[in-house]
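Read off the chains here:
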Amino acid sequence: MDAYSIWPFFACMGLLFAFAASPALSMADAPPGQGSNRLAALDGLRAFAALAVVFHHGIYYRTFLTDREWGGPDVPGFYTLLGHAGVAIFFMVTGYLFWSRLLRESGKPAWLPLYLGRIFRIVPLYLLAVSVMLGIVLFETGGGLNVPLAVLVKQVARWFAFDFLGSPDVNGYPNTSLLLAGVVWTLRYEWIFYLLLPLAALAARDRRMHLPAISLALGVCLAWLVLNPTHWRKIEVVCPTLFLVGMACASLHRLDLRPRLPDRLASCAVLLLLAMTFAGFSSAYDVGPIILLGFAFYLIASGCTVFGLLTSRPARRLGDISYSIYLLQGLVLAAVLRPVPMRAIALDSPLGYWSLLLLCALLLIAVSTVTYALVERPGIALGRRVVASLPKPADGEGRAAPAARS
């Protein structure tokens, strides 16, 4: 077995789903009477997206342990695309859920409750993750100042700005961002998407305009990517393109334009689209894979369960805790793989590395279950109480509604 073999990933996924089905993760289940009204398949899809990013970073971590390089030429395209596809799915899901909400409310939602919902959903866990990261940095740097105090304050402050001000090294600790596996950059694009929703909402106010408007914007982005395939700022167009794919699916569904396929046939189509993506590309940040993943997402958002896998209890549990899995993965990878004895085991043999990577994933799921129950879920509940305490809007000025989760 080679360290970069593909089959161990599928073996680990099977073991992780078996673990997720156990009573040990019952803390992640919604309390009776508080079931989600979201599409169950999208929750399950989020589970696969989060774990795809984890194994993507897990493979990249091996090159970091050997030569301090994140990724590298030895990593096969499968694992690079795995992480890219996971991020792409997260963005599509976000675009779909929030555009669906705007369409339901004719482009006039209650904006304050929407943004408060986002804050209470995202910020508590982020504050915890960054605080733990800073605690590790303080410990690893000896508890003293390695940079001027004013510089340290600025470095720490920038970390609480969701990457809008960058994610700098802190107190001279190299590669500080890798303690969070470098995932913070995606949250910046999430917030940009939320901040642009009021502008996009203008197109949601007319039933005849929302699909043409989204289709035009999506077409412009895809055309730019075709004409600028190697542009150094390409990711700044890829991210809105992925949001727009999800939004286009929501517009199609709003107009009741969805495939009427049996689940088995739709499931086969999804697997074929994924096989074409992974066989033909090494990155999901190009037009071809975006289109293929977009069609697969459209089928899943239309109700495809991939032979029931996406709506299974393990998938739904992992989907609920996917934000914790995504945000805390770097901390667990660092805790398990960086200590000298563990690093020696990891680099001694491929079997040793994959055994530790499986251990990381199991620990991550366990920790994420706890943080979901003790941090995320209370944050969501607090946000709902705050929203419920707001003055009720006058008729026609929008209505308070629970914010969509992503």
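The residue numbering used here restarts from 1 in each chain and proceeds along that chain's sequence as written. Residue-level local features of this predicted model are given only where pLDDT is at least 70; pairs of side-chain atoms are given and counted only at 80 or more, and the full residue set underlies all totals for whole chains, interfaces and linings. Only hydrogens and water are set aside; all other atoms, that is, all heavy atoms of the structure, feed into the side-chain values.

Student: Could you give an account of the overall build of the chain, with specific residues and numbers?
Tutor: Every helix listed is a DSSP run of H or I at least four residues long, and every strand listed is a run of E at least two residues long, numbered separately from the N terminus. What the chain contains, in helices and strands, is 14 helices and zero strands. Listing every helix and strand of the chain by position from the N terminus yields α-α-α-α-α-α-α-α-α-α-α-α-α-α. This radius of gyration counts C-alpha atoms alone. The globule rule is 2.2 Å times how many residues there are, raised to the power 0.38. Its C-alpha atoms give the chain a radius of gyration of 21 Å, within 12% of the compact-globule value 22 Å for 406 residues. A buried classification covers 53% of the 406 residues belonging to the chain. Here the analysis covers contacts within the chain between residues at least 6 apart in sequence; of these, 82% occur between residues at least 24 apart. In the structure as shown, the chain presents an accessible area of about 17,700 Å², 67% of it carried by carbon and sulfur atoms. Counted as positive: Lys and Arg. Counted as negative: Asp and Glu, with His and the chain ends omitted from the count. The atoms used to mark charge sites are NZ of Lys, CZ of Arg, CG of Asp and CD of Glu. Measuring between centres, the 32 positive side-chain charges of the chain sit 8 Å from its 21 negative side-chain charges. Residue burial is assigned from relative accessible area. The probe radius is 1.4 Å, only protein chains are included, and a residue is buried under 20% of its type maximum, exposed over 50%, and partly exposed in between. What makes two residues a contact is simply this: any of their non-hydrogen atoms within 4.5 Å. Note on areas: these come from Shrake-Rupley sampling with a 1.4 Å probe, and a residue is covered only by the protein chains present in the view.

Student: Quick rundown of the packing of aromatic side chains? Include the residues and the values.
Tutor: Pairs were defined over the aromatic rings of Phe, Tyr and Trp, the Trp ring being its six-membered one, requiring ring centres within 6.5 Å. Orientation was assigned from the angle between planes: stacked under 30 degrees, edge-to-face over 60, tilted for the rest. The full count for this structure, using the stated rule, is 25 aromatic pairs. Pairing tryptophan 111 with tyrosine 115 gives two aromatic rings, centres 6.1 Å apart and planes at 25°, and the pair type is stacked. Linking tryptophan 111 with tyrosine 115, this pair stays in helix H4 (residues 111–140), spanning four residues, or about one helical turn. Ring geometry for phenylalanine 193 versus phenylalanine 243: centroids 4.5 Å apart, planes at 15°, classification stacked. Of this pair, phenylalanine 193 sits in helix H6 (residues 184–204) while phenylalanine 243 sits in helix H8 (residues 235–254), and the two are 50 residues apart along the sequence. Each member of the pair phenylalanine 193 and phenylalanine 243 is classed as buried. Taken together, Phe91, Phe98, Tyr126, Phe162, Trp191, Phe193, Tyr194 and Phe243 form an aromatic cluster joined through their ring pairs. Lysine and arginine charges are scored as sitting over a ring when NZ or CZ, respectively, is within 6 Å of the ring centre and within 35 degrees of the ring normal. The residue whose ring lies beneath arginine 62 is tyrosine 4, and the NZ or CZ to ring-centre distance is 5.9 Å. Its end group placed over the ring of tyrosine 353, arginine 62 keeps NZ or CZ at 5.7 Å from the ring centre.

Student: Explain helix H3 (residues 77–104) residue by residue, including any values.
Tutor: Expected helix span is given by 1.5 Å per residue-to-residue step, counting one fewer step than there are residues. The first and last C-alpha atoms of H3 sit 40 Å apart over 28 residues, in line with the 40 Å expected at 1.5 Å per residue. The buried fraction of H3 is high, at 26 of 28 residues. Within two residues after H3, serine 106 carries a phi angle of roughly 55°, on the positive side.

Student: Break down the pattern of salt bridges for me, with residues and values.
Tutor: Here a salt bridge means any side-chain nitrogen of Lys or Arg lying within 4 Å of a carboxyl oxygen belonging to Asp or Glu. Inspection of the entire model under this criterion finds 10 salt bridges. As a salt-bridge pair, glutamate 105 and arginine 101 come within 3.6 Å of each other at their nearest N and O atoms. With respect to class, glutamate 105 is no different from arginine 101; both count as buried. A salt bridge links aspartate 206 to arginine 208; the shortest N-O distance between them is 3.4 Å. The class for aspartate 206 is partly exposed, based on a relative accessible area of 25%.

Student: Can you tell me about the confidence of the model for the chain, naming the residues and giving the values?
Tutor: Confidence scores labelled pLDDT are given residue by residue by the predictor and lie between 0 and 100. Model confidence for the chain is summarised by a mean pLDDT of 93, while 94% of its residues fall at 70 or above. Contacts from residues 399–404, a stretch scored under 50 in pLDDT, to residues over four places away or in other chains number 18 contacts.

Student: Break down helix H1 (residues 7–20) for me, citing the residues and quoting the values.
Tutor: Across its 14 residues, H1 extends 20 Å between first and last C-alpha, which sits within 8% of the 20 Å expected from 1.5 Å per residue. Listed as buried for H1 are Pro8, Phe9, Cys12, Met13, Leu16, Phe17 and Ala20. The inward-facing, buried residues of H1 contact helix H2 (40–67), H3, helix H11 (313–320) and helix H14 (350–389).

Student: I'd love a proper account of the environment of proline 212, names of residues and values included.
Tutor: Topologically, proline 212 is positioned in helix H7 (residues 210–227). On the accessibility criterion, proline 212 (43% relative accessible area) is partly exposed. Each C-alpha atom of the pair proline 212 and cysteine 304 lies 25 Å from the other, and the pair is 92 residues apart in sequence.

Student: Describe in detail a nonpolar patch on the surface, supporting the description with residues and values.
Tutor: Only residues whose relative accessible area exceeds 30% and that take part in no salt bridge are eligible for patches, with like-charged residues grouped when within 9 Å of each other and nonpolar side chains (Val, Leu, Ile, Met, Phe, Trp, Tyr) grouped when within 5 Å. Judged by side-chain polarity, Phe164, Leu165, Ile192, Leu195, Leu196, Leu199 and Leu202 come together as a nonpolar surface patch covering roughly 690 Å² of accessible area. With respect to the element layout, leucine 196 can be found in helix H6.

Student: Hey, could you go over a negative patch on the surface for me, with residue numbers and the actual values?
Tutor: A cluster of acidic residues, Asp2, Asp67, Glu69 and Asp74, forms a negative patch on the protein surface. Within the secondary structure, glutamate 69 sits in the loop between H2 and H3.

Student: Tell me about the environment of phenylalanine 98, and name the residues and values.
Tutor: Within the fold, phenylalanine 98 resides in helix H3. What makes phenylalanine 98 buried here is its relative accessible area of 0%. Taking C-alpha positions, phenylalanine 98 is 8.9 Å from alanine 250, a pair spaced 152 residues apart along the chain.

Student: Report on the nonpolar core, specifying residues and quantitative values.
Tutor: Put simply, buried Ala, Val, Leu, Ile, Met, Phe, Trp, Tyr and Cys residues joined by side-chain atoms within 4.5 Å make one nonpolar core. Ranked by size, the top nonpolar core spans 135 residues in total, and within it Phe55, Trp99, Tyr126, Phe297, Leu318, Ile325 and Leu337 carry the most contacts. Sorting elements by how many residues they give to this core places H3 first, with 18 residues. In contact with tryptophan 99, other than residues within four places in its own chain, are Ala200, Ala201, Ala203, Ala204, His210, Ile214, Met247, Ala250 and Ser251.

Student: Please set out the side chain of histidine 84 residue by residue, giving values where relevant.
Tutor: The residue histidine 84 is located in helix H3 in this model. Ignoring sequence-local partners within four residues, the contact set of histidine 84 consists of Ser283, Ala284 and Tyr285.

Student: Can you explain the packing of helix H12 (residues 322–337) against H14? Please cite residues and give values.
Tutor: Relative orientation of the contacting elements H12 and H14 amounts to 135°, with a least axis distance of 8 Å. By the angle between their directions, the pair H12 and H14 is classed as oblique. In the packing of H12 onto H14, the handedness of the crossing is right-handed. In the contact of H12 with H14, the residues fall into 17 nonpolar, four polar and one charged. Only the stretch in contact is used when fitting a helix axis, every axis being a line fitted to C-alpha atoms; angles between N-to-C directions are given from 0 to 180 degrees. Throughout, the term roughly parallel applies to angles under 35 degrees, roughly antiparallel to angles over 145, roughly perpendicular to angles from 65 to 115, and oblique to all others. Left-handed describes a crossing whose near helix is turned anticlockwise from the far helix through less than a right angle; right-handed describes the clockwise counterpart. Three classes are used, and their members are as follows: Ala, Val, Leu, Ile, Met, Phe, Trp, Tyr, Cys and Pro are nonpolar, Asp, Glu, Lys and Arg are charged, and the others, Gly among them, are polar.

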